[in-house]
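Next come the chains, spelled out residue by residue.
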Amino acid sequence: MRRFFGYAPIFYFCVRGEFRVNFIIQFISSLTSGGGGYQLLNHIINGISLGSVYAIIALGYTMVYGIAKMLNFAHGDVIMVGAYVCFYAFGALKLPGALAVFAPLIAICAAVAVCTLLGVTIEKLAYKPLRAAPSLAVLITAIGISYFLQNAALLLWSSSPKVFPSFFVFKSVNEAGEAVTLRSVQIGSVSVSFVTIVTIISCVVIMLWLTWFTGRTKMGKAMRACSEDKAAAQLMGIDVNATISLTFAIGSGLAAIAGALLCSAYPNLVPTTGSMPGIKAFTAAVFGGIGSIPGAFLGGLLLGVLEIFAKAYISVQLSDAVVFAVLIVVLLVKPTGLLGRTVREKV
Amino acid sequence: MKKKLLCALLALSMLFVLAACGGAPAENTDASETETSTPAEPSTPDDTAAPDEQAELSGETETNPEPADTPNEPTPAAPVEGAFKLGGTGPLTGGAAIYGNAAKNGAQIAVDEINASDSAVKFDLRYEDDAHDAEKAVNAYNALKDWGMQISLGSVTSKPAEATSAESFADNIFSLTPSASSPATIAGKDNVFQMCFSDPNQGTASAEYIGTQNLGSKIAVIWKSDDVYSKGIRDTFLEEADAQGLEVVSDQTFSDGNATDFSVQLNDAKTKEADLVFLPMYYEPASLILAQASAMGYAPKWFGVDGMDGILTMQGFDASLAEGVMLLTPFNADSSDEATAKFVAEYEKRFGEKPNQFAADGYDCVYAYCQALTAANATPDMDAATINGLMKEQFTTMTFHGLTGTESGLTWDETGAVSKSPKGMVITNGAYVGMD
């Protein structure tokens, strides 16, 4: 048998076979051996913290897609802009004493304001003229905007990396009387960083708010009407343009919050900070069923956990490949995503 | 609905193609985007051959399909009459910009000092941006060749340097790189010399240092698998760690696409109770690793290499995270040595920050050239090939005293490697302090 190993396909299969066995052995041993359960739990926690960042970005994607029926690929870069605004606003703010606690909040508010404005401007300048155009044209425009924003950031803020300030830390004093900075909380044997907790809470709050907003309010109902049929909505007296602008405003405002949280968790800020998380979050949105708000949340968390698991138990190199392979499988089995609605096209 | 999903998938695949073009740090893509708007320069015959060649050299599988990627408009340097045209490429923008600018600034100070002195040898220095990208580096090198470069400072970082050194060997242009430390930069090229110690040297020295100083017994290594610099150091580190009786309990990688979340790697090190983590990488991912380790409450000893230099000058970096980080570097800005103090003062005056080792290496390169050219009685009207021959002779025989290296001076062997030993430094109160 051994001499057949020279044949590439067989060799490949063997390598893969060994690989799979390795993975299974590793997985089982990590579950059963001492400290394995702790390890698994830790990976889940890390996965959720990565996933919560994806989820919060995915909410913005899904919101805009659900209402305006367009993929706003510039979303990731609006996130980057939000993070930069937050970074500079925080740096410029010099609040005295106790008020300093509010500095992060004010910085995030500033970022939300700037991004909301940016989102509405982008919509007015780039997407509105294309409302009647085929969706592919809008898509390409969105990619163009994405590159425009990245390069504008490159010009404005240069490419040298900035380290985002840690917002969610607490200064405390330990038993020895030394000042210590708390970044995480111990739950049993695992530590969960404050950023993760804040991200998950904000994610749930935003998800619930969006669900309430689109389901119960007048504006929300107008949004859903637009998403179902723009022409009919207009006939019913709904201002379609204003509604879509509002959608972009909310989506971009969420992007600013996502940017601040993303960079708090991974504090490296460069003009391309938003692009890879943006793509992953888009994947998460599709995974969960694009257009569905709870779907984005679920998809984001699952994607994060999947990615960490793939890294820990398979290979760091292949983690992205694994994640996207799972996406393909899910779409083959359930083309509308996990929580996506099946809409029958009437002929 | 189906159509929309199809569109989405198409767009996704398109985005990936776009993202893949730039190689890893996606800002490469950006840079090329901006640059396409600058007028294309007359292409040299090398232009077409270059991408394949360098792809082989750097082992990169993704090559940018755009051949007409022209470098930035050169910054016009004040022309000096009867001066040697000295050119170099380095990352003046992008993730590794701290190194490129430091080397360039250091070299500029040396050039200005020499031109202001009564030295017979004068220089005309020109730096081109390569954004730490092999392909851009070759374009930048070609731009320098068109300008009439006679001697070269090679490239600042390893990946681009492997590409440009091959070019400069083929063109018979002598090259002395300040800081490209991979062995492949000089391997098989008799006219490419290094001012810095090479990667194997760093890996071996790090392991030796940890072993002899008893810094840790269980070692974790986190390294960047798609970077020759990182891999080179890690490989020799593991070899020497074995010899030193150090136990490497965790050996984890990352690459460009997933250089944000390090929880898995850190968790592995933590559960295997590593008491020292070795980080053979540049400062950008290292800063993230330090922050994430701190967030998860993991506080081992950290040991970096020269790529860690620059972490303290990152805008907004919390220096307390780097407290106690050890690294190897050949240059100590706090040294009481007179020449160093003068250089540091001048650098601080001009650029408002303490020079790192890259600046010192750049400075030393120019002075080494000055010494060699003077000794060889070279004149600026000689062509690059003639100077090339003279320099090869000089560099293998001379001893040079610079800011970096030991008091006995630096010498080079035939392969172009320098005799220099790294010094251990530790970050204390936000500054580098010598460990010995």
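Structure shown above.
Scope of this entry: the structure provided in the associated data block.

**Regarding the sheet that holds strand β4 (residues 174-177) of chain B**
Residues and elements named next belong to chain B. An order of β2-β1-β3-β4-β5 is seen for the five strands of this open sheet, with the pairing classed as parallel. The open sheet has two edge strands, β2 (123-129) and β5 (192-194), and neither has a second partner. This sheet shows a mean twist of 20° between the axes of neighbouring strands, independent of strand direction. Where strand β3 (residues 151-155) meets β4, two bridges bridge the pair, whose relative direction is parallel. Paired with S152 across the two strands is S175, which belongs to β4. Its contacts with the sheet place helix α4 (residues 97-116) against β1 (84-90), β2 and β3, and it is angled at close to 170° to β2.

**Here we look at the sheet that holds strand β12 (residues 431-434) of chain B**
Residues and elements named next belong to chain B. Spatial strand order, β7-β6-β8-β9-β10-β11-β12: seven strands in an open sheet with mixed pairing. One side of each edge strand has no neighbouring strand; the edge strands of this open sheet are β7 (247-254) and β12. Geometrically, the sheet is characterised by an average inter-axis angle of 25° between neighbouring strands, direction not taken into account. One ladder, built from four bridges, connects strand β10 (residues 326-329) with strand β11 (residues 423-428); its direction is antiparallel. Its bridge partner lying in β11, M326 is registered against V426.

**Re the nonpolar core**
Judged by nonpolar contacts, the single largest core of 215 residues is most densely connected at A:L59 and A:A83. Structurally, this core is a two-domain feature, drawing no fewer than three residues from each of domain 1 (84-197 + 337-421) and domain 2 (200-329) of chain B. Not counting residues up to four positions away in its chain, the partners in contact with A:A83 are A:F164, A:G259, A:A260, A:L262, A:C263, A:L269 and A:T273.

**Here's the deal with unusual backbone geometry**
Residues and elements named next belong to chain B. Even without being a glycine, N172 presents a positive backbone phi close to 60°. Here N172 falls in the partly exposed class, since 14 other C-beta atoms lie within 10 Å of it. In this structure, E273 is a non-glycine residue whose phi angle is positive, near 55°. Relative to the elements of secondary structure, E273 occurs in the loop between α10 (263-271) and β8 (276-279). Overall, E273 belongs to the exposed group, with 12 C-beta atoms counted inside 10 Å.

Definitions and cut-offs
- Residues numbered from 1 in each chain as written.
- Chains lettered and ligands numbered in written order.
- Predicted model: local features only at pLDDT ≥ 70, side-chain atom pairs only at ≥ 80, totals over all residues.
- Pairing = 2+ DSSP bridges.
- Helix = DSSP H or I, 4+ residues; strand = E, 2+ residues; numbered from the N terminus.
- Axes fitted to C-alpha atoms, helices over the stretch in contact; angles between N-to-C directions.
- Contact = placed C-beta atoms within 7 Å.
- Core = buried A, V, L, I, M, F, W, Y, C linked by C-beta atoms within 7 Å.
- Buried ≥ 20, exposed ≤ 12 C-beta atoms within 10 Å, placed from the backbone.
- Domains from an automatic or database assignment.

The quantities given are spatial measurements derived from coordinates; they are silent on function.
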